[in-house]
Amino acid sequence: MLTAAQKELRLTGIGSSEIAAVAGLNPWRTPLDIWWLKPTPSRPPLPVEDDADERTEVGDELEEAVARLYAKRHEVKLRRSQTLRHREHPWILATADRTVVGVREGLEIKLVGNRVAYHWDDGLPDYVRAQVVWQMSVLDYDLWHVAALVGTDLRVFHVERDLDLESSLTEAGREFWFERVLADVPPECESEEERRSYLRRRYASPNDDVIPSTPEIDFLAVRAIELDRVAKEAIALKEAAQNDLFDAFGENRGVKGEWGSAPGPMGAGKVDSPAVAY
C-alpha cells in the first residue's frame, strides 16, 4: 500500500500502474480515468486519502506471502522500493513491489482473482507488461520478474527490457502528460456513457443561473427530443416484432432458420438478439 507521501508524488507524473490505461491497454481504466487523478491548471490536487480497509490489508498480507515464496523458490533476497523518478523524464514515475538484492532486477506481484484469471490464459497480459517496462525504464534495469498468484497457482514470468515498447509507452505518456494534463485538455471519451460520466463530474456543482436559450441550444434540444421519440418508437416496434415472432412459434419450443435460432416465449421470454439478424 502506498504511503501518503508516495500518493502526493504520484500527482506529479504517470506511475507504472497508470501507463497501461494512458496507452489504452488497460481493460478497466481509460486515459480519462487517469486524467481525473492528476491536478491540472483548472483543477486543484485531489485530497490524499487513507484508502486502507480490510481488502487492502488482505492484499498486503497475500503480497508479502507471495514475495516470501518467490524469494524461497528462487533463492534470492528482496527489498521494497520507494517511488522513483526517471532521470531524464521526471514525469515518469514507478514504485516497484520489490527489487532483487545484489542484481539489477525487479519483481512485480499480482494477485489475480477468478473473474479476471482468463486474462492470464495466454501468458502475461499486455497491461502488466506495460507496467514492468515502465518500471525498468525508471530503474534502468534490463530484467523484471512477475509473480502472479492465480487462484492457488503461482505463475512466474520473466520480462526482458524492450526498448521499442519502452519508446512507444514514453511517447504515449509524454503526449498525455503535456498535451492533456498540463494543457488541461481531457482525453477523448471512449463511449457516450463515459462522456456522460465526465460531464456529470465536470459540472457537479452548478450555479443557480438559468440562461436564455441560443440557436445552437435550440437545435440540440430539438434533436434530443426527436431522437428520444424515435428511440421510444423503435422500442415499441421491437417489442411488437418479438411478440409477432413468438405468436408464429405457437406451442413450439423455438425455431431455427438460415438467419439463426431463437427460443419461444415459454423458453426465454425474449428473442436472443445475438442469435437473430434483423
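Residues numbered from 1 in each chain as written. Predicted model: local features only at pLDDT ≥ 70, side-chain atom pairs only at ≥ 80, totals over all residues. Heavy atoms only, no water.

1. Looking at the pattern of salt bridges
In step 1: Applying the stated rule across the entire model yields 16 salt bridges.
In step 2: Across the salt bridge formed by Arg-10 and Glu-18, the nearest N and O atoms sit 3.4 Å from each other.
In step 3: Overall, the relative accessible area of 17% leaves Arg-10 in the buried class.
In step 4: With relative accessibility at 2%, the residue Glu-18 sits in the buried group.
In step 5: Linking Glu-63 and Arg-98 is a salt bridge whose minimum nitrogen-to-oxygen distance equals 3.1 Å. Within this pair, whereas Glu-63 is found in helix H4 (residues 54–74), its partner Arg-98 is found in strand E4 (residues 98–100), the two being separated by 35 residues in sequence. A single burial state applies to Glu-63 and to Arg-98, both of which are buried. (Salt bridge = Lys/Arg side-chain N within 4 Å of Asp/Glu carboxyl O. Buried < 20%, exposed > 50% of the residue type's maximum accessible area, 1.4 Å probe, protein only. Helix = DSSP H or I, 4+ residues; strand = E, 2+ residues; numbered from the N terminus.)

2. With respect to the sheet that holds strand E5 (residues 105–112)
In step 1: Pairing within the open sheet is mixed, and its five strands lie in the order E1-E4-E5-E6-E7. Sheet topology places strand E1 (78–79) and strand E7 (153–160) at the edges, where each strand pairs with a single neighbour.
In step 2: Pairing between strand E6 (residues 143–150) and E7: eight bridges, direction antiparallel. Residue Leu-149 lies in a different strand from E7, and its bridge partner there is Leu-154.
In step 3: Lying over the sheet, helix H5 (residues 126–139) contacts E4, E5, E6 and E7, oriented at roughly 145 degrees with respect to E6. (Pairing = 2+ DSSP bridges. Contact = heavy atoms within 4.5 Å. Axes fitted to C-alpha atoms, helices over the stretch in contact; angles between N-to-C directions.)

3. Observations regarding the confidence of the model for the protein
The predicted coordinates ought not to be read in detail in places where the model reports low pLDDT.
In step 1: Of the residues in the protein, 91% reach a pLDDT of 70 or more, and the chain-wide mean stands at 89.
In step 2: Confidence over residues 274–278 falls short of pLDDT 50; this stretch has ten contacts with residues more than four positions distant or in other chains. (pLDDT = per-residue confidence, 0-100.)

4. A closer look at the nonpolar core
In step 1: With 38 residues, the main nonpolar core has Ile-14, Trp-120 and Val-146 as its most contacted residues.
In step 2: Those elements giving two or more residues to this core turn out to be helix H2 (19–22), helix H3 (31–37), H5, E6, E7 and helix H6 (163–181).
In step 3: Those residues in contact with Ile-14 that sit more than four places away from it in its chain are Ile-19, Val-22, Trp-91, Ile-92, Leu-93, Trp-134, Gly-173, Phe-176 and Trp-177.
In step 4: Of all hydrophobic cores here, the second largest spans eight residues; its members include Val-66, Leu-107, Ala-147 and Leu-149. (Core = buried A, V, L, I, M, F, W, Y, C linked by side-chain atoms within 4.5 Å.)

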